[in-house]
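# Fold and contact review
Here is how the chains run, residue by residue.
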Amino acid sequence: MQSGQQQPQASDNTLIIYLSRTNNTKAVAELIHDKVGGDLVALELENSYPEDYTATVRQVARENETGYLPPLRTRINLDQYDTVFLGFPTWGMQLPPPIKSFLHKYELAGKTIIPFNTNAGYGVGSGFQQIRQLCPNSTIMQGLSLKGGIERDGIYLVIKGEKRRETELEVISWLRKLNILKPK
Ligand SMILES: Cc1cc2nc3c(=O)[nH]c(=O)nc-3n(C[C@H](O)[C@H](O)[C@H](O)COP(=O)(O)O)c2cc1C
């Protein structure tokens, strides 16, 4: 076994669901999946955001102002899950509107939510706090927030190669703190 490698835990009741535009959050979701098993699902929209970054930032700002919840193409039955890892990039220093759609559409009361995030270096903003507000009857575990890409500057997927290996160690250490992976 390589250093840091763990056996996946028995986890039929675990869902890892994520939103990712440039695949950084997806890379973290895959690392979590490697460690804990469960089902890995990408959150998809009925109508994609524009390819253009600035147009997307503008659209997201409008949606946040009006409270618009973009319809989701992904349909999922949450009954079988009691633990939900929820991954998202920081958009406008808060939760992306599609994550708000997810949290409004699905009943997460009584479930454990474990949030994770990538961002361009400004942090998760109010994302974790918003999850606590939107899911008052769920147990919210300590989230993981990591620096990902900077699409504004043309820097896309960065969680690859050596950075992916470093990120793997951060993910392992976080999962151990949460007692999801056994400490060594
Ligand atoms: C519409 C939009 C808004 C963003 N706003 C922020 C922000 O407020 N703060 C930040 O640090 N990064 C921001 N970013 C950058 C992303 O959070 C960062 O690139 C992240 O790693 C992207 O994850 P992904 O590759 O999974 O899509 C924004 C990106 C987009 C597309």
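Definitions and limits used
- Residues numbered from 1 in each chain as written.
- Predicted model: local features only at pLDDT ≥ 70, side-chain atom pairs only at ≥ 80, totals over all residues.
- Heavy atoms only, no water.
- Helix = DSSP H or I, 4+ residues; strand = E, 2+ residues; numbered from the N terminus.
- Rg over C-alpha atoms; globule rule 2.2 N^0.38 Å.
- Buried < 20%, exposed > 50% of the residue type's maximum accessible area, 1.4 Å probe, protein only.
- Contact = heavy atoms within 4.5 Å.
- Areas by Shrake-Rupley, 256 points an atom, 1.4 Å probe, with all protein chains shown as cover.
- Lys, Arg positive; Asp, Glu negative; His and termini not counted.
- Charge placed at Lys NZ, Arg CZ, Asp CG, Glu CD.
- Near = heavy atom within 4 Å.
- Polar contact = N/O pair within 3.5 Å; in protein donor to acceptor, adjacent residues only side chain to side chain.
- Pairing = 2+ DSSP bridges.
- pLDDT = per-residue confidence, 0-100.
- Expected span 1.5 Å × (residues − 1).

### Quick look at the overall build of the protein chain
Helix and strand counts for the protein chain come out as five helices and six strands. The linear arrangement of helices and strands in the protein chain, starting from the amino end, is β-α-β-α-β-α-β-α-β-β-α. Taken over C-alpha atoms, the radius of gyration comes to 16 Å for the protein chain, in line with the 16 Å a tight globule of 184 residues would show. Summarising its shape, the C-alpha atoms of the protein chain cover approximately 45 × 35 × 25 Å along the three principal directions. The buried share of the protein chain, reckoned over its 184 residues, is 46%. In the protein chain, the proportion of contacts linking residues at least 24 apart, taken out of those at least 6 apart, comes to 80%. Carbon and sulfur atoms form 46% of the exposed surface of the protein chain, whose accessible area is close to 9600 Å². Positive and negative charge centroids in the protein chain, built from 21 and 19 side chains respectively, lie 4 Å apart.

### A few points about the site of the ligand
Close contacts around the ligand come from 22 residues, with Ser 20, Arg 21, Thr 22, Thr 25 and Thr 118 the closest. For the ligand, an oxygen atom lies 2.8 Å from a polar atom in the backbone of Gly 149. Expressed as a share of its isolated accessible area of 650 Å², the protein-covered part of the ligand is 94%. When contributions to the shell around the ligand are tallied by element, the ones reaching two or more residues are helix 1 (24-36), helix 2 (53-66) and strand 4 (112-119). Top element by residues in the shell around the ligand is helix 2. It accounts for three residues.

### Details of the pairing of strand 1 (residues 14-18)
Of all five residues that make up strand 1, five are buried, and the element is covered over most of its length. Covered by surrounding structure in strand 1 are Thr 14, Ile 16 and Tyr 18 together with Leu 15 and Ile 17, the residues of both alternating faces. Relative to strand 3 (residues 83-89), strand 1 runs parallel, the two sharing five bridges. Paired with Tyr 18 across the bridge in strand 3 is Gly 87.

### A short note on the environment of Glu 30
Mapped onto the elements of the fold, Glu 30 is located in helix 1. Overall, Glu 30 belongs to the partly exposed group, its relative accessible area being 27%. Between the C-alpha atom of Glu 30 and that of Ile 16, which follows or precedes it by 14 residues, the distance is 8.8 Å. Setting aside residues no more than four positions away along its own chain, Glu 30 makes contact with Leu 40 and Arg 164.

### Overview of the side chain of Thr 56
Tracing the backbone shows Thr 56 in helix 2. Among the polar contacts listed, one links the side chain of Thr 56 to the backbone oxygen of Asp 52, at a separation of 2.8 Å. Not counting the four nearest positions on each side in its chain, Thr 56 is found in contact with Arg 21, Tyr 49 and Pro 50.

### Quick notes on the environment of Arg 73
Along the chain, Arg 73 turns up in the loop between helix 2 and strand 3. On a C-alpha basis, the gap between Arg 73 and Lys 26 in space is 17 Å, while along the polypeptide they are 47 residues apart. If sequence neighbours within four positions are ignored, Arg 73 has contacts with Glu 44, Leu 45 and Glu 46.

### Regarding the confidence of the model for the protein chain
Averaged over every residue, the pLDDT of the protein chain is 94; the share at 70 or more is 94%. Counting interchain partners and residues more than four positions distant, the pLDDT-below-50 stretch residues 1-5 has four contacts.

### Examining helix 1
Here helix 1 spans 19 Å end to end across 13 residues, near enough to the 18 Å set by a 1.5 Å rise per residue. All buried positions along helix 1 are accounted for by Asn 24, Thr 25, Ala 27, Val 28, Ala 29, Leu 31, Ile 32, Lys 35 and Val 36. At its buried positions, helix 1 is contacted by strand 1, strand 2 (39-42), strand 3, strand 4, strand 6 (144-147) and helix 5 (161-177). Once helix 1 ends, the next one or two residues include Gly 37, with phi positive near 70°.

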